[in-house]
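Below are the chains, spelled out letter by letter.
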Amino acid sequence: LAKTTQPISMDSYEGQEVNITCSHNNIATNDYITWYQQFPSQGPRFIIQGYKTKVTNEVASLFIPADRKSSTLSLPRVSLSDTAVYYCLVGMNTGFQKLVFGTGTRLLVSP
Amino acid sequence: SQTIHQWPATLVQPVGSPLSLECTVEGTSNPNLYWYRQAAGRGLQLLFYSVGIGQISSEVPQNLSASRPQDRQFILSSKKLLLSDSGFYLCAWSVRSRGGDTQYFGPGTRLTVL
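This is a predicted model, so every value here is computed, not measured.

Turning our attention to the overall build of chain A. When its secondary structure is counted, chain A shows zero helices and nine strands. Going residue by residue from the N terminus, the α and β elements of chain A occur as β-β-β-β-β-β-β-β-β. Within chain A, contacts between residues separated by at least 24 positions form 56% of all contacts whose residues are at least 6 apart in sequence.

Following this line, the structure appears as structure tokens:
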């Protein structure tokens, strides 16, 4: 399983764009990159998943460079409700996979 | 649509007492099921996973056990709780998709062992 490294915490203000970078130097060919969001006392919630280049959905964008050794979750115009812990995970897209959750990045959005 | 339920939502138990946490999934068949524990301010620790009825794999040695008596039911148990068993217990399910085995989490159970 590829190990991931993320910043422990980040601070931002409402309306700003937030970029959280995750490094995964040992990512395997079949691994996908997935980001989850977790609020206090709730289960993690799937945000976005990608394999290469760029993926965008209604809440975030995921940028993955050609070497796939890192990825960046981009949250456009954050609000106070985006204050949460964000986890980056990598895992295989074939068969069963055991995801390894690190400590994540604690994002604090201030007024 | 698929939903996942966990109960109870909170639980306070004395040391040495038994434990049974239940997780059920609706709206899908033959899901992979998982039990995680999260200590305060920490990441998630995978405890057990199951790819089918009666198939349980344990990730860490501990005094907890898991069972899957039905396709969409996953139970976490202990015969005698320890103080260190306190934490936030999360059940998750997944099915294989093109983009990987995305996991979907339940609301969790907050367990306090006194």
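Back to the text.
Strand pairing in a sheet is mediated by backbone hydrogen bonds. Such pairs are either parallel or antiparallel. Residues and elements named next belong to chain B. Across the sheet, which stays open at both edges, the four strands sit in the order S1-S3-S8-S7 with antiparallel pairing between neighbours. A single partner strand is all that each edge strand has here, and the edge strands are strand S1 (3-7) and strand S7 (64-70). Taking the axes of each pair of neighbouring strands and ignoring which way they run, one obtains an average angle of 20° across the sheet.

By the secondary structure assignment, Val90(A) is in strand S8 (residues 84-92). Residues Val90(A) and Tyr51(A) lie 39 residues apart in sequence; the distance between their C-alpha atoms is 9.7 Å.

Parameters and conventions
Residues numbered from 1 in each chain as written. Chains lettered and ligands numbered in written order. Predicted model: local features only at pLDDT ≥ 70, side-chain atom pairs only at ≥ 80, totals over all residues. Heavy atoms only, no water. Helix = DSSP H or I, 4+ residues; strand = E, 2+ residues; numbered from the N terminus. Contact = heavy atoms within 4.5 Å. Pairing = 2+ DSSP bridges. Axes fitted to C-alpha atoms, helices over the stretch in contact; angles between N-to-C directions.

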